[in-house]
2 protein chains.
Amino acid sequence: MEQLGTRPLADAELHGIDAYWRAANYLSVGQIYLLANPLLREPLQPEHIKPRLLGHWGTTPGLNLLYAHLNRVIRQGDRDVLFVTGPGHGGPALVANTWLEGSWTAAYPNTTRDEVGMARLFKQFSFPGGIPSHVAADVPGSINEGGELGYSLSHAYGAAADNPDLVVACVVGDGEAETGPLAAAWHSNKFLDPARDGAVLPILHLNGYKIANPAVLARIGDDELTALFRGYGYEPYLVAGSEPEAVHQALAATLDQCMQRIDEIQREARSGSASRPAWPMIVFRTPKGWTGPHTVDGEQVEGTWRAHQVPLSGVRTNPDHLRQLESWLRSYRPEELFDADGRPVASVVELAPEPRRRMGSSPHANGGEVSRDLELPAVAEYAVPVKVPGAEDGEPTKVFGAYLRDAFTLNPDNLRLFGPDETESNRLSAVYEVTGKRWLGELRDGDNHLARDGRVLEILSEHTCQGWLEGYLLTGRHGVLSSYEAFVHIVDSMVNQHAKWLKTINRLEWRRRIPSLNYLLTSHVWRQDHNGFSHQDPGFIDHVVNKKAEVVRVYLPPDTNTFLSTMDHCLRTRNYINVVVAGKQPQPNWLDWEDAALHCARGAGIWDFASNDDGDPDVVMACAGDVPTMETLAAVDLLRQQLPELRIRVVNVVDLMRLQDATEHPHGLPDAEFDALFTTDKPVIFAYHGYPWLIHRLTYRRNGHANLHVRGYIEEGTTTTPFDMVVRNNLDRYHLAMDVIDRVPALGTRAASTRQYFADQRTRHHAHVTTYGDDLPEVRDWRWTP
Amino acid sequence: MEQLGTRPLADAELHGIDAYWRAANYLSVGQIYLLANPLLREPLQPEHIKPRLLGHWGTTPGLNLLYAHLNRVIRQGDRDVLFVTGPGHGGPALVANTWLEGSWTAAYPNTTRDEVGMARLFKQFSFPGGIPSHVAADVPGSINEGGELGYSLSHAYGAAADNPDLVVACVVGDGEAETGPLAAAWHSNKFLDPARDGAVLPILHLNGYKIANPAVLARIGDDELTALFRGYGYEPYLVAGSEPEAVHQALAATLDQCMQRIDEIQREARSGSASRPAWPMIVFRTPKGWTGPHTVDGEQVEGTWRAHQVPLSGVRTNPDHLRQLESWLRSYRPEELFDADGRPVASVVELAPEPRRRMGSSPHANGGEVSRDLELPAVAEYAVPVKVPGAEDGEPTKVFGAYLRDAFTLNPDNLRLFGPDETESNRLSAVYEVTGKRWLGELRDGDNHLARDGRVLEILSEHTCQGWLEGYLLTGRHGVLSSYEAFVHIVDSMVNQHAKWLKTINRLEWRRRIPSLNYLLTSHVWRQDHNGFSHQDPGFIDHVVNKKAEVVRVYLPPDTNTFLSTMDHCLRTRNYINVVVAGKQPQPNWLDWEDAALHCARGAGIWDFASNDDGDPDVVMACAGDVPTMETLAAVDLLRQQLPELRIRVVNVVDLMRLQDATEHPHGLPDAEFDALFTTDKPVIFAYHGYPWLIHRLTYRRNGHANLHVRGYIEEGTTTTPFDMVVRNNLDRYHLAMDVIDRVPALGTRAASTRQYFADQRTRHHAHVTTYGDDLPEVRDWRWTP
């Protein structure tokens, strides 16, 4: 890995780029410090300085330089480039650049490209009522806030997917590069098809330091660094230096070289070559806080971790620092960069590409702008016939697989399925009739369904799957991520960030709505037959419902047709996080298509076929989730046989947010409707898929809340039989039936023997299962008998 | 990377190892399939077969081979070796080996090393009432279940830390190797001191396939693979093959070579060399499901993904499969391996090391066995004087830093602090007076506090920090992990697994209790001044409290002395996950040491200095968390001034689990005590640090629950001032005071003007802060006036 020695920039071009860079740097420093006097028309005074100095200078000049040079590349080759900012706390840089090129003002017309607008631009940064300090959704051209580090590269690969003419320049911070998600994402190059996807150009911004420490990759030596990126399958190029002119030339030469390599790779692939290319990547080594104060109060700042945030503190009260700030700002020679009205001068502005090519105006970054709705097959045609509720089993995911197969046919470049190696085990394999699993590694005899252009992306990294999908959605396309319910917690923090992004874009007029993030959790807590306690956790739902109600939806379809209806619905939505939990194992079909569609539309409802309450129940048996629904109906069956006079109402909940108050969630049932379903005075035995207290948290304001008795997962279980799992968590039919008896005093003492009978059945089961290792046939083969 | 050609094993030794391997393989297959007839005394019949065939064969033979060869290495060099099983679903392998060597029977005397015991061993596997299918806590010698993949390597490095004579052999699965946490953990070699720590020998088990796909690292070619591991700073050795004899020789030669390199590296470092070594690692490439059925029903199984779980299915009903299973089992020639009573024959057993060296009996793996309590400084000596509540500010983490500094001095090899580059910003830097930040990368001028043997470990990977700490705790040592509150969600899934591990060891008599996992979350939701919305999430508490109550503790100390008392307590506990949330910013000191210690011991209590209710309040103002406590007291202050006749009781909660029912959590307050604090009939305005509904979820069974009105974080915020943050979430003093007026009807209409006054103050603040960018002085500089 050596630096290229050519000097592609003629003097004029060099000076133009340097001026642009100085302008961006000036605007960045201005954002961090200035409340007024943006053009330094008068000497800086304390009152020109913001009272609270917030932001991150360290990474900013490097980002500014990269942005300036990419502008040159775009103009030179009329290229479509998306900029992904890994070190997203370098917000000032992207704000500065998008204002300079005009994208900022296009999104926020009030922030004009003149002195008034510049003053607004400066003030709003990290300021109450203004914008945050990261490359958040507020920043035009951004799909990666970088608030939490580690996702830039997987986002970049997701964005490049199915965008054959796009180059995604992805700046990876050297702190970020230490994270697991980033370390795994380098391998994304084995899942990018140079023929049908665009290119990703990773740029490792090695400025040497994190908050208070050196960065690991900055201190392993060039030999190891080169080997590492070769090992990851890249051809690394080095750009290093602290002398602007030399770095300008080296960066320009390297970017030219990289773009040429990208063109070659794509040309070869598009004319039929099948080898996996070594894509170029850049190691960009420049000083942290470059061009900022070299030394402050006798300590070196530029080139050290001290430049991470605000190099000069206390500027309002420390006259030396104030003076130093002024000379720092003046060092960029603003008078050469902005005219008397504060407009960037023509020689600076001309570096910016024409409007349609500006990175801050990239339609890919405002994904809803280019997004097409999916063409979806007529879902009713995939529905399974259900003549008698519960008479036959269905395989929800298998049926959905056929629907998804046809959706792939209808949407050849707009839809992808992601997962950590579970598509097959989740019984979605019908999709392989029309597409394959993306694979650009070596092929061997016996490989199954692997294809360079497959629509199914599987890597055993939930982080990478999620990052790819987010990048794909944020640029306007559609997808589904299937994962183990327990292990989707791996991406808890990523889904947080995405939920926050969605909330933010709901408040930004110029941002269009993007396709929803759809989770399909089929290997759920109740059926971990090959695994055990470590694979049992239904808490992702709890995690997601903490996010803003407007972006969160949770569905627990109890059977095949409700599942199909739910998935079809989710694929048509935008700006949501849809969590769908449903097992992949065969399970009873309860509702025919018509009833299923109606039930899903309502989200919660009384199941008449299983109720005998004639509008006046002794008890409500509620259920949410496939296994709890089956156990509830089995409990109803037991109770009917033993206590036929008991009036039972069965309520099934598909859309979990129906339980919440209408004032708290847009899907919440009005109180009157909730009361009509659940009553206000009858005991409700609620069999729930997940942690039982979530139901209390959702319903604590409801009138009948005190009557609710919830059963769910209580962290008991291991590798065992399906029925033993529910027994261990008191969610089994016998226990539910006993709960009913305990809560309906009118049944009187006569019910005591029935209760004992149920308890004995549980004991009998326990003895059987621990001896023979299988559930009793009467449990295993139970069917609802209407 | 080429395979060594030497043949170190003489025939007898080769045959001995091979016999041991065959025995382990036989016992592994037996576990997956057999319910009876363990020694094949009669031809296999369907009733000998388990009704449900569960488990993972694919990785098992490779694990068995590695275990056998490590036994040789241990015996040869009298070495102390810990075995970490990344592909932990290979449970059968570790169960088989520990039974063969005697460790299993030492832990479970009932499972004798004879036919009866073998039958028990077989039956219990993946069987109701038995053991799970992973290398869970039930397996002696395990510190890494591997139920969720990706943590083996960071666990291994944590285990090797401060164990200079230990070699941790860490098998990394090739599926696992695709995960982010594993990809990042290779860099752990920059944080291992060869002089004072032990060694980690990573063994990448490249058997080629995951569940249904090839593994990425198996298909990138040897050039890239070699470069990748050189880039990660290792010297890779290759062992590859499918012919047992050749692989035995190659593996033996390679392990000898690796151990020699480890010895050399340690010798050099311990005699003063300061260079970072390239530690050896092994790429171990053998067929998936090796020695199992090559072909089943015409499809290749051995060497493909089809060998992942159970190669032969339906064995009870398919006579061909039954016959194939029998010949598979007999292919290991069990009659040569076990005597007539089912005891392993002497020539097999003799490969096992002497008891103290057996990997299944490693005291490191049963960490509580070797664990020493910390020597902790007298905490009261660090307490800050508090003459008047709230009169002065304290810096909780800074004060704790001094305590921690002295704890490091007292415990030079038993305590570590982990974090993603935040020790300094968390104001714990007093620790640098006695120790440094661990760093074995290059050193440069101006580097601060970096040291080869530092007790502070910082890498910008929460996963790696958590994995190291878990490995350190599981082997009996102590530690603290400090992290951003929002980003600790990154390890949600890891903490799940650790909580499950702790629950399990509580039920295992032979497992000793290990030091608690202590989280210190100081960069919390309310003070993200340099950041914004992306950094605001208090939901880790919600996540943790879903785990089994017996292992979970959550503390929200409101000031310096309570924080100190809490941390001192946590460092003395075992088998808990302690989550401590407290800001690093200066904040009022409320309690002197005596009151603080008492308050922490109680966990929740009335603050008399702030109450004027004389035992009969009009309203209870409850608070949990530092910022909510300050806002509550400020609200009390406002109310006192405006409505002096109002009787207010202030209740502060430090130990969040006090709120829960005593039947649900061991720390739960009995109802009578809860009622005594909160009353059963008075309005309670509860200012809570996190998502408000958590308080409802914890208290829904309480008598006075309907009177609870909770304020907390509702996902509103961005980069703004500290007071504006609480305003945006309705947690500010004015809003709390307004809440009181709204809920105390006795105040009558006369309070309406006061309410309006508070509302006006909020508006006034909003106008000020969006204009001037700072909080009003009266808010910023507010002090409690007694």
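Residues numbered from 1 in each chain as written. Chains lettered and ligands numbered in written order. Predicted model: local features only at pLDDT ≥ 70, side-chain atom pairs only at ≥ 80, totals over all residues. Heavy atoms only, no water.

Going by the annotation in an unreviewed UniProt entry, the name recorded for chain A is Probable phosphoketolase, with Kribbella solani given as the source organism. Per UniProt, chain A has the following entry under Sequence similarities (unreviewed entry): "Belongs to the XFP family." (UniProt positions renumbered as here; feature names shortened; annotations may be inferred.)

Colleague: How do you make sense of the overall build of chain A when you look at a structure like this?
Modeller: Summing up its helical and strand segments, chain A has 25 helices and 22 strands in all. Computed over C-alpha atoms, the radius of gyration of chain A comes to 30 Å, within 12% of the 28 Å expected from 2.2 N^0.38 for 786 residues, which places it in the range of a compact globule. Among the 786 residues that make up chain A, the fraction classed as buried is 71%. A fraction of 78% describes how many contacts in chain A between residues 6 or more apart in sequence connect residues 24 or more apart. Here chain A displays about 22,900 Å² of accessible surface, and carbon together with sulfur accounts for 48% of that area. Charge centroids of chain A, computed over 75 positive and 101 negative side chains, lie 3 Å from each other. (Helix = DSSP H or I, 4+ residues; strand = E, 2+ residues; numbered from the N terminus. Rg over C-alpha atoms; globule rule 2.2 N^0.38 Å. Buried < 20%, exposed > 50% of the residue type's maximum accessible area, 1.4 Å probe, protein only. Contact = heavy atoms within 4.5 Å. Areas by Shrake-Rupley, 256 points an atom, 1.4 Å probe, with all protein chains shown as cover. Lys, Arg positive; Asp, Glu negative; His and termini not counted. Charge placed at Lys NZ, Arg CZ, Asp CG, Glu CD.)

Colleague: Got a minute to help me understand the relation of the copies chain B and chain A in this structure?
Modeller: Relating the two copies of this chain is a rotation about some axis coupled with a shift parallel to it. Structural alignment of chain B on chain A gives an RMSD of 0.0 Å, achieved by rotating through 180° and translating 0.0 Å along the axis. With respect to symmetry, the two chain copies, as superposed, fit the operation of a two-fold axis. Distance from the rotation axis, computed per C-alpha, reaches its smallest value in chain B at Gly 180 of chain B: 1.9 Å. (Least-squares fit on C-alpha atoms with pLDDT ≥ 70 in both.)

Colleague: Is there a simple way to explain the interface of chain B and chain A in this structure?
Modeller: Frequently, the measure chosen for interface size is the accessible area removed from exposure when the parts meet. Listed by partner, the interface residues are 124 residues for chain B and 124 residues for chain A. Of the roughly 9,900 Å² buried between chain B and chain A on both sides combined, carbon and sulfur atoms contribute 54%. The tally of links from chain B across to chain A stands at 17 salt bridges. The salt bridge involving Lys 547 of chain A is made with Asp 537 of chain B; its shortest N-O contact spans 2.5 Å. At the junction of chain B and chain A, the tally comes to 79 residue pairs in polar contact (both at pLDDT 80 or more). Contributing elements (two or more residues each) for the side of chain B that touches chain A: α7 (180-185), α8 (221-231), α15 (492-506), α16 (540-545), α21 (693-699), α22 (722-728) and α24 (750-772) of chain B. The element contributing the most residues to the side of chain B that touches chain A is α15 of chain B, with 7 residues. When grouped by side-chain class, the residues that make up the side of chain B that touches chain A number 44 nonpolar, 45 polar and 35 charged. (Buried area = accessible area lost by both parts, 1.4 Å probe. Salt bridge = Lys/Arg side-chain N within 4 Å of Asp/Glu carboxyl O. Polar contact = N/O pair within 3.5 Å; in protein donor to acceptor, adjacent residues only side chain to side chain. Nonpolar A, V, L, I, M, F, W, Y, C, P; charged D, E, K, R; others polar.)

Colleague: Even after reading the chapter, I still don't get helix α15 (residues 492-506) of chain A, so can you show me in this structure?
Modeller: Residue pairs three or four apart in sequence face the same way in an α-helix, which turns once every 3.6 residues. Taking 1.5 Å of rise per residue, the 15 residues of α15 of chain A would be expected to cover 21 Å, and the 21 Å separating its terminal C-alpha atoms lies within 8% of that figure. Within α15 of chain A, 14 of the 15 residues are buried, which leaves the element mostly enclosed by the surrounding structure. (Expected span 1.5 Å × (residues − 1).)

Colleague: What's the story with the sheet that holds strand β21 (residues 684-688) of chain B in this structure? I'm lost.
Modeller: Pairing between the strands of a sheet is mediated by backbone hydrogen bonds and can be parallel or antiparallel. Residue and element names in this part refer to chain B. One open sheet holds the 5 strands; their spatial order is β18-β20-β19-β21-β22, and the pairing between them is mixed. Strands with a single pairing partner mark the edges of an open sheet, and in this sheet they are β18 (604-606) and β22 (708-711). Sheet twist, expressed as the mean angle between neighbouring strand axes with direction ignored, is 20°. Two elements, β21 and β22, share 4 bridges in a ladder whose sense is parallel. Along β22, the bridge assignment pairs Ile 685 with His 709. Each of β18, β19 (619-624), β20 (648-653) and β21 touches helix α20 (residues 671-678); the most contacted strand, β20, lies at about 130° to it. (Pairing = 2+ DSSP bridges. Axes fitted to C-alpha atoms, helices over the stretch in contact; angles between N-to-C directions.)

Colleague: Quick question: what am I supposed to make of the environment of Thr 522 of chain B here?
Modeller: Of note, Thr 522 of chain B is situated in strand β14 (residues 517-523). Within the structure, the side chain of Thr 522 of chain B is placed 2.6 Å from the side chain of Asn 426 of chain B, a separation counted as a polar contact.

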